[in-house]
Amino acid sequence: EAAVTQSPRNKVTVTGGNVTLSCRQTNSHNYMYWYRQDTGHGLRLIHYSYGAGNLQIGDVPDGYKATRTTQEDFFLLLELASPSQTSLYFCASMTGNQDTQYFGPGTRLLVL
Amino acid sequence: GEQVEQLPSILRVQEGSSASINCTYENSASNYFPWYKQEPGENPKLIIDIRSNMERKQTQGLIVLLDKKAKRFSLHITDTQPGDSAMYFCAASLASSGSWQLIFGSGTQLTVMP
């Protein structure tokens, strides 16, 4: 199975804080995705990318920026964190069009 | 935006019986339909998938059916065991601005009672 890693695994910050979540995949997958998971909402897409330097907006992008610096690395940035962004964040990667997405282990973020 | 509807949201079955989860999608261009299982504290993991050139797929106690005309697909777990208790998500592929994403259903919490 494809390897996707995320860091940190847990993060606590305060309202207005600056947070960067990191994701790395070493399978040469083209696509990478950032989701948030909240009870009652399932998986909601924040941002995604189909290659280094590319960025696509997902369904819930407000308050988030993302950057794909290399084929392997995709970052999610919260520049002014708010309590509403307390959530479980998953990164996923996919090799090509209409294919399986492989998820990282998740980052649990708490914004106080 | 595009949605995938998943029902039921909660499902409780007796050990040894079958469990069925149903999903509907909107976009007729969707051609790939994966199912994920997520256990508490874990990430979602692919358990079975089906592409639009098939109507049925079966593997290790799991059956997926696809009805493209009705835009409906379903997961059937036969002979359920307590280890099948988990959250299950369906998804459908979607093209957006020349790139691809998966649209996920809202999940089904399955509990298999001994």
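The following paragraphs examine the structure supplied in this document. (Residues numbered from 1 in each chain as written. Chains lettered and ligands numbered in written order. Predicted model: local features only at pLDDT ≥ 70, side-chain atom pairs only at ≥ 80, totals over all residues. Heavy atoms only, no water.)

### Looking at the overall build of chain B
Looking only at helices and strands, one finds zero helices and 11 strands in chain B. Overall, chain B shows an N-to-C arrangement of helices and strands of β-β-β-β-β-β-β-β-β-β-β. Relative to the compact-globule value of 13 Å for 114 residues, chain B shows a C-alpha radius of gyration of 14 Å, a close match. Expressed along its principal axes, the backbone C-alpha trace of chain B runs to roughly 45 × 30 × 20 Å. Across the 114 residues in chain B, those meeting the buried criterion constitute 45%. The contacts in chain B between residues at least 6 apart in sequence include a share of 53% that link residues at least 24 apart. Carbon and sulfur atoms make up 47% of the accessible area of chain B, which amounts to about 5500 Å² in all. (Helix = DSSP H or I, 4+ residues; strand = E, 2+ residues; numbered from the N terminus. Rg over C-alpha atoms; globule rule 2.2 N^0.38 Å. Buried < 20%, exposed > 50% of the residue type's maximum accessible area, 1.4 Å probe, protein only. Contact = heavy atoms within 4.5 Å. Areas by Shrake-Rupley, 256 points an atom, 1.4 Å probe, with all protein chains shown as cover.)

### As for the sheet that holds strand β7 (residues 65-68) of chain A
Residue and element names in this part refer to chain A. Spatially, the four strands line up as an open sheet ordered β1-β3-β8-β7, and their pairing is antiparallel. In the strand order of this sheet, the two ends are held by β1 (4-7) and β7, each with one partner. For this sheet, the mean inter-axis angle between neighbouring strands, taken without regard to orientation, is 15°. Here β1 pairs with strand β3 (residues 19-25) via four bridges, running antiparallel. Across the sheet, Q6 pairs through a bridge with C23, a residue of β3. (Pairing = 2+ DSSP bridges. Axes fitted to C-alpha atoms, helices over the stretch in contact; angles between N-to-C directions.)

### Describing the environment of Q6 of chain B
Residue and element names in this part refer to chain B. Mapped onto the fold, Q6 is located in strand β1 (residues 4-7). Once residues within four sequence positions are removed from consideration, Q6 is found in contact with I21, N22, C23, W35, Y88, F89, C90, G105, S106, G107 and T108. A distance of 3.0 Å separates polar atoms of two side chains, one belonging to Q6 and the other to T108. (Polar contact = N/O pair within 3.5 Å; in protein donor to acceptor, adjacent residues only side chain to side chain.)

### Here's the deal with empty space enclosed by the protein
Residue and element names in this part refer to chain B. In total, this model carries two cavities of 30 Å³ or more according to the counting rule given. Here the largest cavity is characterised by a volume of approximately 50 Å³. Lining the largest cavity, in full, are E2, Q3, V4, Y25, E26, N27, S30, A92, S93, L94 and I103. At three residues, strand β9 (residues 86-96) tops the list of elements feeding residues into the lining of the largest cavity. (1 Å grid on protein atoms, 1.4 Å probe; cavity = no way out; pocket = protein on both sides within 12 Å on 5 of 7 lines; lining within 4 Å. Points joined across faces, edges and corners; volume = space filled by probe spheres on them.)

### Here we look at the interface of chain B and chain A
By a widespread convention, an interface's size corresponds to the accessible area lost as its parts come together. Facing 23 residues of chain B, the contacting portion of chain A comprises 21 residues. Buried area between chain B and chain A, both sides added, is near 1800 Å², and the carbon and sulfur share of it is 51%. Contact with chain A buries surface across chain B, with W100, Q101 and F104 of chain B losing the most and accounting together for 31% of the total. At the boundary of chain B and chain A, one finds one salt bridge. We note a salt bridge from R51 of chain B to D99 of chain A, for which the minimum N-O separation is 3.4 Å. At the boundary of chain B and chain A, one finds 10 residue pairs in polar contact (both at pLDDT 80 or more). When contributions to the side of chain B that touches chain A are tallied by element, the ones reaching two or more residues are β4 (32-38), β5 (45-51), β9 and β10 (99-104) of chain B. Broken down by element, the side of chain B that touches chain A gets its largest block of residues, five residues, from β10 of chain B. (Buried area = accessible area lost by both parts, 1.4 Å probe. Salt bridge = Lys/Arg side-chain N within 4 Å of Asp/Glu carboxyl O.)

### Some points on the packing of aromatic side chains
Following the criterion strictly, the structure yields 16 aromatic pairs over all chains and no others. Ring centres 6.1 Å apart and planes at 90° place the aromatic pair F90 of chain A and F103 of chain A in the edge-to-face group. Here F103 of chain A lies in strand β10 (residues 101-103) and F90 of chain A lies in strand β9 (residues 87-94), a separation of 13 residues in the sequence. Note on accessibility: F90 of chain A and F103 of chain A belong to one class, buried. A ring pair is formed by Y36 of chain B and F104 of chain B, whose centres lie 5.7 Å apart and whose planes are at 50°; its orientation type is tilted. Of this pair, Y36 of chain B sits in strand β4 while F104 of chain B is found in strand β10, placing the two residues 68 residues apart along the sequence. With respect to class, Y36 of chain B is no different from F104 of chain B; both count as buried. Grouped by ring-pair contacts, the aromatic residues Y31, Y33, Y35, Y48, Y50, F90 and F103 of chain A together with Y36 and F104 of chain B constitute a single cluster. (Phe/Tyr/Trp six-rings, centres within 6.5 Å; stacked < 30°, edge-to-face > 60°.)

### Concerning the sheet that holds β1 of chain B
All names here are of chain B. Judged by pairing direction, the sheet is antiparallel, and its five strands sit side by side in the order β1-β3-β8-β7-β6 without closing on themselves. Both outer strands of the open sheet, β1 and β6 (56-59), are each paired with one neighbouring strand and no more. Shown here is a sheet whose adjacent strand axes are inclined to one another by a mean of 15°, direction ignored. In this sheet, strand β8 (residues 72-77) lies alongside strand β7 (residues 62-67) in antiparallel orientation, the contact comprising six bridges. Pairing of L62 across the sheet is with I77, part of β8.

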